[in-house]
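What follows is the residue order along each chain.
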Amino acid sequence: MSKDQTDWKHKYKEAAIELERYESSQVEEQMRLIISHMTLGLQGQSESLDSALSHIRQTLASASNSLDRKSIAELEKQVRYLDREREKTAKSMLVFLKQWLLSLKKVADEEQHADFLLLERKASEVVDHWYEVPEYLSSLLALQESHLQEPGATHVVSPLADSLSADVSQNVVVKDEASVDSQFEAVASELIQLVDALSLSADHKQRVALLIKRIRTQLSFGELVSILAELIELVQISTSSAHEDFEQYLISLNSQLAAVQGFLSESQSDQSISGKAQKALDSQVRQEVSNIHTAVNQSTSLDDLKVTVASQLDGIVFAMDEFRKSEEERESRSQQRHDELMQQMQSMEEESRRVKAHMEEERMKARTDSLTGLPNRAAYDDHLKKEFERWSRYQQGFSIAIGDLDHFKSINDNYGHLVGDKVLRLVSRVLSKTLRAADFIARYGGEEFIILLPATSISDATGAIDKLRASVCNSPFNFHGEPVQITMSFGVAETKTGDTLDQLFERADAALYRAKGGGRNCVRQG
Ligand SMILES: Nc1nc2c(ncn2[C@@H]2O[C@H](COP(=O)(O)OP(=O)(O)OP(=O)(O)O)[C@@H](O)[C@H]2O)c(=O)[nH]1
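Reference entry: report on the structure contained in this document. (Residues numbered from 1 in each chain as written. Predicted model: local features only at pLDDT ≥ 70, side-chain atom pairs only at ≥ 80, totals over all residues. Heavy atoms only, no water.)

1. Looking at the overall build of the chain
Here is step 1 of the chain: Helices and strands together make up the secondary structure of the chain, namely 15 helices and seven strands.
Here is step 2 of the chain: Looking at the chain as a whole, 39% of its 526 residues qualify as buried.
Here is step 3 of the chain: Counting only contacts in the chain whose residues sit at least 6 apart along the sequence, the fraction spanning at least 24 positions is 70%.
Here is step 4 of the chain: When the accessible surface of the chain is totalled, it reaches about 31300 Å², and 53% of it is carbon and sulfur. (Helix = DSSP H or I, 4+ residues; strand = E, 2+ residues; numbered from the N terminus. Buried < 20%, exposed > 50% of the residue type's maximum accessible area, 1.4 Å probe, protein only. Contact = heavy atoms within 4.5 Å. Areas by Shrake-Rupley, 256 points an atom, 1.4 Å probe, with all protein chains shown as cover.)

2. Some points on the environment of Lys 385
Here is step 1 of the chain: By secondary structure assignment, the location of Lys 385 is in helix 11 (residues 377-394).
Here is step 2 of the chain: Considering only alpha carbons, one finds Lys 385 and Leu 501, 116 residues apart in sequence, at a separation of 8.1 Å.

3. Section: the nonpolar core
Here is step 1 of the chain: Core analysis: the largest hydrophobic core is formed by 41 residues, its most contacted members being Tyr 136, Leu 140, Leu 191, Ile 215 and Leu 219.
Here is step 2 of the chain: Those elements that provide at least two residues to this core are helix 3 (69-106), helix 4 (113-128), helix 5 (133-147), helix 6 (159-197), helix 7 (205-218), helix 8 (221-240) and helix 10 (302-366).
Here is step 3 of the chain: The element best represented in this core is helix 8, accounting for nine residues.
Here is step 4 of the chain: Two domains share this core, each providing at least three of its residues, namely domain 2 (86-147) and domain 3 (148-362).
Here is step 5 of the chain: Judged by nonpolar contacts, the second largest core, of 29 residues, contains Val 423, Val 427, Ile 451 and Ile 458. (Core = buried A, V, L, I, M, F, W, Y, C linked by side-chain atoms within 4.5 Å. Domains from an automatic or database assignment.)

4. Section: the pairing of strand 3 (residues 448-454)
Here is step 1 of the chain: Burial runs high along strand 3: six of the seven residues are buried.
Here is step 2 of the chain: Sheet topology note: the strand 1 (residues 398-405)/strand 3 ladder contains seven bridges and is antiparallel. Bridge assignment links Gly 403 to a residue of strand 3, and that residue is Phe 449.
Here is step 3 of the chain: Note that strand 2 (residues 440-445) and strand 3 share five bridges and pair antiparallel. The residue bridging Ala 442 from the neighbouring strand is Ile 450, located in strand 3.
Here is step 4 of the chain: Connecting strand 2 to the antiparallel partner strand 3 that follows it, the hairpin turn spans two residues, and Gly 446 within it adopts a positive phi of roughly 50°. (Pairing = 2+ DSSP bridges.)

Pasting the structure below:
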């Protein structure tokens, strides 16, 4: 092969490799762009997901870096967490939608049943496709509104019927409005109590306040659904980090809310039944009155007329009796439902109190040291923070003391860990008994205790702590009949202007170190 030919072949090869490199860099660039845009679509679901996505976008933007496994794993974790949350919300929403449909169906007309069936079937699909939820809710609302239409006003012609029916209808309508208003008031107050019972973080304070305002000022049949939906969402938020027990509470809350909805729908339906009964009474009375007119016009004898009129009047009295009876029955049904609702609300309140107490118990457990029963380090940290804030605001200083059992390792080594635990319990009892009620003691960890003495100068604190030291030293402790000497060393420090929590602690800790170095079983100031 000639030299020229070899050169051409070589140049061709190089150009092909260059082209391939260029094409693959173009594809890579496009992939970067696509991924970057897709991450923007995921934005806004949660704070941690946002920060994972932003990290990925930054990595993609710097062409030199490629995505590391850690970022991808973090992203996967966040997405999986969101999926789980979404599934949980979807389940609760399905339960709620079904209960809502059920309570509407109970009071629906025959011809609306087909629509209900359709919505019932669609409910499970809709919770898997969130974008369909708003449309679904508006169909549900439209169906509910068409069912809850107010009956039209009664048109009265005859003067006798006019006066009769005006009396009756005015009484009934005024009474119905008053009773529905008072039912709404009762429901509003129960709903507000439910909202109050939710344990929500400060982040949701504004949402809670807004919901309470809506319940107070806007509670009506039309608004009820969106108010309940908001309430359920808040309940879900409040339960997401709580105990399993709370899930039970949520389900029961859903059913209680469905009962509230059912109750209100039934009250509305009762109103419409009452409207129909009024119309029936009105037309019956008018019919009887018109019969009297005809009888007066056509009658030839006074006796016949008397008999006919008496019989028509009997008819009117009968119709009114029937109407009164049906009204009484309606009222007693309504009262019964009202009582049932109140009972349900009461049991809901009890349940809510029980869950609250349970959570408080759990909270206490999380702040108590299980071996000694003393507050633990987390409880101490909270207490110290409060005392420190008080000091910063009112300049009322305080002291802290760190106490440590001397040669505790040798107690464990010589007598065993169980005896060591017993010693820790005994010392805890002695320390708490000897301290003043205003002082606060916690097990800081291992064989270390920490004591907070509010409004106490370092010299007073040193005196008080020395008494503690003496009572531990003088407490008799025996193992298999042999006395075992227990002693403790302490370091005390008082707040100084400009102190931070850490500086205060470090001074007490350094003093404890000196107490250990100075022969133990003594108190030193920091
Ligand atoms: N039984 C028991 N021992 C514990 C517990 N927590 C920590 N310890 C033990 O406490 C001992 C602490 O030992 P060191 O830190 O060497 O201190 P010390 O032996 O008390 O010596 P000085 O503090 O210098 O007087 C270790 O043996 C730990 O295992 C506990 O809950 N129960």
